[in-house]
2 protein chains.
Amino acid sequence: MNDWQTELKADIKAALEGLAGRTINHVFFVACGGSLAVMHPAKYLLDRQSAALTSDCYNSDEFVHRSPRALGTNTLVVLCSMTGTTRETLRAAEHARAKGATTIGLSQDLNSPLATAVDHAVRFEAPYTTGVPIDAIDSNYSCLYQIVMGLVRIYDGIDKLRPLLASLGNLQAAIDRAHLTYAGLFEQFAPRFKDEPVIYTVASGANYGAAYSYAICVLMEMQWINSQAIHANEFFHGPFEVLDEDKAFIMMLGLDETRPLEERAKGFLERFGSSEKIMVLDARELDLSGIDDEFKGNVVPLIFFDTLWKFAYKLADLRQHAMLEGRRYMKKINY
Amino acid sequence: MNDWQTELKADIKAALEGLAGRTINHVFFVACGGSLAVMHPAKYLLDRQSAALTSDCYNSDEFVHRSPRALGTNTLVVLCSMTGTTRETLRAAEHARAKGATTIGLSQDLNSPLATAVDHAVRFEAPYTTGVPIDAIDSNYSCLYQIVMGLVRIYDGIDKLRPLLASLGNLQAAIDRAHLTYAGLFEQFAPRFKDEPVIYTVASGANYGAAYSYAICVLMEMQWINSQAIHANEFFHGPFEVLDEDKAFIMMLGLDETRPLEERAKGFLERFGSSEKIMVLDARELDLSGIDDEFKGNVVPLIFFDTLWKFAYKLADLRQHAMLEGRRYMKKINY
């Protein structure tokens, strides 16, 4: 398995080749906010596919101060920051290198501070803030999944890169179709949700990161709506007690192995909540042609997050609260 | 280091001796809700102290369905359920054993279903639901910390059990003093918080689990107050945008290595929030006599959670919403 008989992106291929001969037994996925949210599905994929590599997902500043003793020459640290300028993530990269770990840094720019602070820089494209359409194969999710399955190839001797890359190549078309699938749902729920003081998101497994990101980076950050991403089973161990017919929830039903957890939460929400206030995104309604069965569960959170972005703009219009420009602290003041 | 020259609880000692000769390289901490919350500080301690053992904290149902490929004969699974009857956690124990992992199960009863489903059962005492006073050395936190430092002794060859046990032996007195320290604060804030529709908790490091538990098991479950446990640095990557002078926060300032993250969040909360609505618990105000410096940060979350329980009862009185009896779904209906 010396040759990478696949069309991995050149920078990802170089990063993986850079690991040649290095013993790695643990991966730290490190980032902040929306970029940390994307690490969760990456860890899900690694957990499912690798017997050789365990992993952690840490907020960058937590990672630096916690400074796990296991961090060292036999660990890989994968960092991500869209702009590549997030201070906490830069410090995390420096900390990781000082401890002898190998570092891979993802950002939009191969000349960003993060890109120059790591051993191996990887470039991705982000659609949300620029408004310029991208192909999903160039997204942060896609790059992370390629890295993860590259690691599985190296350290577990299992090569699934071909079906992964084929699936990622067909993903943008699936996303475009998903926008049509959910358009009616979003049209229906935006007026129902526009005055809600609290909107919860619920998911598990590969989808939890998308639920987290939507709660903290979209609802809270861009619409000042109170929220929490509730894990679909943790829901039954406390959070479900807030449920009544007035409460608003966005429920994600994915296609990964934890779907039964999400189905159970959905059942409870529909039993005691109001159907007017429970917006269910069910990935079974999606046309995932061209996505390999093995990776369907993994691409669903990307589809959910991308399509829900449209829902956020609908909410923003009805609430007359601009999305990015509406922020009062982020990128407006020093802190 | 064959002899355990310390007064470990007999069941914990037996569990650790049961690991003799077993190669373990990863620990899964597995539970639901409040019992999962306690696993986070255990992982924090293990991260800080062990270079040999990495770990994961998973909700029990997530653990079973995710079924990480690394789960196997070289892994230890530590499970916890107060009653020892939580179905998801029982299934997790069975799943772990079927995969060849060694299992340790903590519950209040050595004859509970969980105790009989695991290789090694450990008993702890819980004060919150029975109302009977306990000594903190018999709590779930204390048992977990003893297990963690026992693992560090076995797999890292570092024995800090004596100072740990001495610290845990002095913990109840520190908690009793803490109740007095915070009594005035709670008296002041209960009337201010009683009508709040949303109360957030904020913490990092060793304290995050206590913030999580207070948000989901106390505020949401027992008072039907909307909440989220916000990580102190993640706060700056989205959640802080909800902050204005009307928002209520419980801010925890601990003594572990991540305190600077909590201090930064506190500074921001006080800058843009109202001092009437930001309740700060600062562990520097505590008298921690008898607690070894090395473990001060680790015992703080237990002190916070125990004392905040009193705050919850004050809120409950003012809101005329009973704590345990006030639940509408948990232990009242089948789901």
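For the structure itself, consult the block above.
Procedures and definitions
What you see as residue numbers is a count from 1 along each chain, following the sequence as written. Chains and ligands are labelled sequentially in the order written, the chains with letters from A and the ligands with numbers from 1. The model is predicted, so local features are restricted to residues of pLDDT at least 70 and side-chain atom pairs to those at 80 or more, both for listing and for counting; the totals for chains, interfaces and linings are taken over all residues. The side-chain quantities take in all heavy atoms of the structure and omit both hydrogens and water. Note on definitions: a residue-residue contact is assigned when non-hydrogen atoms from the two residues lie within 4.5 Å. Buried area adds together the accessible area that both of two parts lose upon being put together, with accessible area traced by a 1.4 Å probe. Definition used for salt bridges: Asp or Glu carboxyl oxygen within 4 Å of a side-chain nitrogen of Lys or Arg. What qualifies as a polar contact is a pair of N or O atoms within 3.5 Å, subject to a donor-acceptor requirement within protein and to the restriction that residues adjacent in sequence count only when both atoms come from side chains. Helix and strand assignments follow DSSP, with helices taken as H or I runs no shorter than four residues and strands as E runs no shorter than two, numbered in order from the N terminus. Following the grouping adopted for this structure description, the nonpolar residues are Ala, Val, Leu, Ile, Met, Phe, Trp, Tyr, Cys and Pro, the charged ones are Asp, Glu, Lys and Arg, and the polar ones are all others, Gly among them. Whether two strands pair depends on DSSP finding at least two bridges between them. Lines fitted to C-alpha atoms define the axes here, with helix axes fitted over just the stretch in contact, and angles between the N-to-C directions of these axes take values from 0 to 180 degrees. Orientation is classified from the angle alone, with under 35 degrees giving roughly parallel, over 145 giving roughly antiparallel, 65 to 115 giving roughly perpendicular, and any other angle giving oblique. Put simply, a crossing is left-handed when the front helix is turned counterclockwise from the back one by less than a right angle, and right-handed when it is turned clockwise. Residues below a pLDDT of 70 in either copy are left out; the C-alpha atoms of the rest, at least 70 in both, set the least-squares superposition of the copies.

Asks: Can you walk me through the interface of chain A and chain B in this structure?
Replies: Accessible area lost upon the coming together of the parts is a frequently used measure of interface size. Each partner contributes residues to the interface: chain A has 73 residues there, and chain B has 73 residues. When the buried area of chain A at its contact with chain B is split by residue, Arg69, Glu241 and Tyr329 of chain A rank highest and sum to 13% of it. Across the contact surface, chain A and chain B share 8 salt bridges. Between arginine 69 of chain A and aspartate 156 of chain B there is a salt bridge, with the nearest N and O atoms lying 3.9 Å from each other. Inspection of the chain A/chain B interface yields 56 residue pairs in polar contact (both at pLDDT 80 or more). The set of elements that each furnish at least two residues to the side of chain A that touches chain B consists of strand S1 (26-31), helix H2 (33-49), strand S2 (54-59), helix H3 (60-66), helix H4 (87-98), helix H9 (208-223), strand S7 (229-231) and helix H10 (259-272) of chain A. A per-class count over the side of chain A that touches chain B returns 31 nonpolar, 21 polar and 21 charged.

Asks: What's the story with the environment of isoleucine 199 of chain A in this structure? I'm lost.
Replies: Residue and element names in this part refer to chain A. Looking at where isoleucine 199 falls in the secondary structure, it is placed in strand S6 (residues 199-203). Along the chain, isoleucine 199 and glutamate 263 lie 64 residues apart, while their C-alpha atoms are 19 Å from each other. Setting aside chain neighbours within four positions, we find isoleucine 199 in contact with Phe193, Leu219, Ile225, Asn226, Ser227, Gln228, Ala248, Ile250 and Leu315.

Asks: Explanation requested: the sheet that holds strand S8 (residues 248-253) of chain A in the structure shown.
Replies: Residues and elements named next belong to chain A. The 4 strands are arranged S7-S6-S8-S9 in an open sheet whose pairing can be described as parallel. Of all strands in the sheet, those bounded by a partner on one side alone are S7 and strand S9 (278-282). Ignoring which end each strand starts from, the neighbouring axes of this sheet average 20 degrees apart. Here 3 bridges tie S6 to S7, and the two strands are oriented parallel to one another. Its bridge partner being in S7, valine 202 is matched across the sheet by isoleucine 230.

Asks: Help me understand the packing of H9 of chain A against helix H11 (residues 293-319) of chain A, please; the structure alone is not making it clear to me.
Replies: Two quantities define a packed helix pair, namely the angle between the helix axes and the distance between the axes. All names here are of chain A. Packing of H9 against H11 leaves a shortest axis separation of 11 Å and a crossing angle of 20 degrees. The angle between H9 and H11 places the two elements in the roughly parallel class. Crossing of H9 against H11: the hand is right-handed. Only Pro301, Phe305, Leu308, Trp309, Phe311, Ala312, Leu315, Ala316 and Arg319 of H11 make contact with H9, whose side of the interface consists of Ala210, Ser213, Tyr214, Val218, Leu219, Met222 and Gln223. When its residues are assigned to classes, the contact of H9 with H11 shows 13 nonpolar, 2 polar and 1 charged.

Asks: How do you make sense of the relation of the copies chain A and chain B when you look at a structure like this?
Replies: What connects the two chain copies is a rotation about an axis and a shift along it. Of the transformation placing chain A onto chain B, the axial shift is 0.0 Å and the rotation is 180 degrees, giving an RMSD of 0.0 Å. On this basis, the relationship between the two copies can be described by a two-fold rotation axis. In terms of C-alpha distance to the rotation axis, chain A has glutamine 228 of chain A as its closest residue, with the C-alpha 2.7 Å off the axis.

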